Amino acid sequence: MKKLLGFVFFILAADSISQTNQDLLVHYKKYYKQMQSQADIQGVINALTHLNVLEPSQARKDTLATLYMNEGRHVEALNTIGIEKNESDSDLAVQVKAFSLKAINDIDQALIHYEELFKRKPNPFIAYELAEMKIRTGDLMGATRNITFGIANSDGEIVRNYYETQQPYSVPMKAAFTYLKGLVKINEDRENNIDAAISILNDALAIAPNFNLAKISIDALNAQRDIDHERHEGELREQREEVTKRDEQIAHLKEERSFEAERTRTLEEELKLLQQR
């Protein structure tokens, strides 16, 4: 009898828990919709977190990570879905991992997921991100491949936004990729490729005269060229001064030897005169 009662109690408890979970699911689904209607992002995040605990869902987890990413909370986004590369990841999950890892400056890990994004859906926007990061990591050949793809697949309607000024601005993607091409050129040889890099950056300006970042880069390279020129001129001056100093030392030694030779001749003549006497 006790065993029967215990079993009945267990069934009732399980049913009660199940009913409680269902009630909570209904509640948080309503709460989620309400927070959406109020545009309350934190409320939406809270609702999704509770729903994911009550009824785990990878799609819901991806959405939660995306909300964190959009709020600039990249560490929370990555904590939600992880940083590992999984073939089963949705495009949204791969995008969150790529963007958030780059945002926290984990470039090596970000590259893995951007490469996966490019593999799934190759387009100029992803190619730009890949090229930019590869320049930073020194993979200039890889960056060049992405730049070549980007230039070939960018038409006049596709633009890239820049935010280094108070007023954000846009330039055609072809100009953006040309700018990166200039960065590759200067990184290939910082001493000898300044003029070539400036020429490429001027090509970017010809496409987009408002390209402030290209202007800044050109000014920096011109300044570097002036510094290099001054340093080179200084080195030449030092070399000339060293040669002049050495020539003077040689001339002085010749004078001393000539003086010694003349003195020797004089002594020899005096000695002959003494011997004749």
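Numbering of residues begins from 1 in every chain and follows the order in which that chain's sequence is written. In view of the model being predicted, local features appear only for residues whose pLDDT reaches at least 70, and side-chain atom pairs are presented and counted only at 80 or more, with totals across whole chains, interfaces and linings using the full set of residues. Neither water nor hydrogens contribute to the side-chain values; these are computed over all heavy atoms in the structure.

1. Some details on the packing of aromatic side chains
Then step 1. Any pair of Phe, Tyr and Trp rings, taking the six-membered ring for Trp, is counted once the centres come within 6.5 Å. Such a pair is stacked with planes under 30 degrees apart, edge-to-face with planes over 60 apart, and tilted for the rest. Applying the stated rule across the entire model yields 5 aromatic pairs.
Then step 2. Consider the rings of Tyr128 and Phe177, whose centres lie 5.7 Å apart with planes at 70 degrees: the pair is edge-to-face. Taken as a pair, Tyr128 in helix α7 (residues 124–137) and Phe177 in helix α9 (residues 173–188) lie far apart in primary sequence, 49 residues in all.
Then step 3. Arranged with centres 5.0 Å apart and planes meeting at 45 degrees, the rings of Tyr162 and Phe211 form a pair that is tilted. Remark: Phe211 occurs in the loop between α10 (194–207) and α11 (212–276) and Tyr162 occurs in strand β1 (residues 159–162); sequence separation between them is 49 residues.
Then step 4. Since its relative accessible area comes to 6%, Tyr162 is described here as buried.
Then step 5. Taken together, the aromatic side chains of Tyr162, Tyr169, Tyr179 and Phe211 make up a single cluster linked through ring pairs.
Then step 6. We call a charge positioned over a ring when the NZ of a Lys or the CZ of an Arg lies within 6 Å of the ring centre and within 35 degrees of the ring normal. Above the ring of Tyr162, the side-chain terminus of Arg160 is found at 5.9 Å from the ring centroid. A helix here means a DSSP run of H or I that spans at least four residues, while a strand means a run of E at least two residues long, and both kinds are numbered starting from the N terminus. Only protein chains enter the accessibility calculation, which uses a 1.4 Å probe; a residue whose area is less than 20% of its type maximum is buried, one above 50% is exposed, and one in between is partly exposed.

2. Thoughts on the packing of helix α4 (residues 74–81) against helix α5 (residues 91–103)
Then step 1. For the pair α4 and α5, interaxial distance at closest approach is 9 Å and the crossing angle is 140 degrees. Judged by the angle between their axes, α4 and α5 are oblique. The way α4 lies across α5 gives a crossing that is left-handed. Residues His74, Ala77, Leu78 and Ile81 of α4 lie in contact with α5, whose contacting residues are Ala93, Val96, Lys97, Phe99, Ser100, Leu101 and Ala103.
Then step 2. Its residues assigned to classes, the contact of α4 with α5 shows 8 nonpolar, 2 polar and 1 charged. Think of each axis as a best-fit line through the C-alpha atoms, taken over the contacting stretch in the case of a helix, with angles from 0 to 180 degrees between the N-to-C directions. Put simply, angles under 35 degrees are roughly parallel, angles over 145 are roughly antiparallel, angles from 65 to 115 are roughly perpendicular, and the rest are oblique. Take the far helix as the reference: if the near one is turned anticlockwise from it by less than a right angle, the crossing is left-handed, and if turned clockwise, right-handed. Note on contacts: a residue pair qualifies if any of its non-hydrogen atoms lie within 4.5 Å across the two residues. Put simply, Ala, Val, Leu, Ile, Met, Phe, Trp, Tyr, Cys and Pro go in the nonpolar bin, Asp, Glu, Lys and Arg in the charged bin, and everything else, Gly too, in the polar bin.

3. Focus: the packing of helix α2 (residues 41–54) against helix α3 (residues 58–70)
Then step 1. Running from amino to carboxyl end, α2 crosses α3 at an angle of 155 degrees, the nearest separation of the two axes being 10 Å. As summarised for this structure, α2 and α3 are arranged roughly antiparallel, according to the angle between their axes. The handedness of the crossing between α2 and α3 comes out as left-handed. Within the contact between the two elements, α2 uses Val44, Ile45, Leu48, Thr49, Leu51 and Asn52 and α3 uses Arg60, Lys61, Thr63, Leu64, Leu67 and Tyr68.
Then step 2. Looking at the contact of α2 with α3 residue by residue, the class counts come to 7 nonpolar, 3 polar and 2 charged.

4. A look at α5
Each α-helix turn comprises 3.6 residues. Residues three or four places apart therefore point the same way.
Then step 1. In this model α5 runs 18 Å from its N-terminal to its C-terminal C-alpha over 13 residues, within 8% of the 18 Å that 1.5 Å per residue would give.
Then step 2. Three or more residues of α5 are buried, namely Ala93, Val94, Val96, Lys97, Ala98, Ser100, Leu101 and Lys102.
Then step 3. Packed against the buried residues of α5 are α3, α4, α6 (107–120) and α7.
Then step 4. Two residues or fewer after α5 comes Asn105, characterised by a positive phi angle close to 70 degrees. Given a helix with a known number of residues, its expected span is that number minus one, times 1.5 Å.

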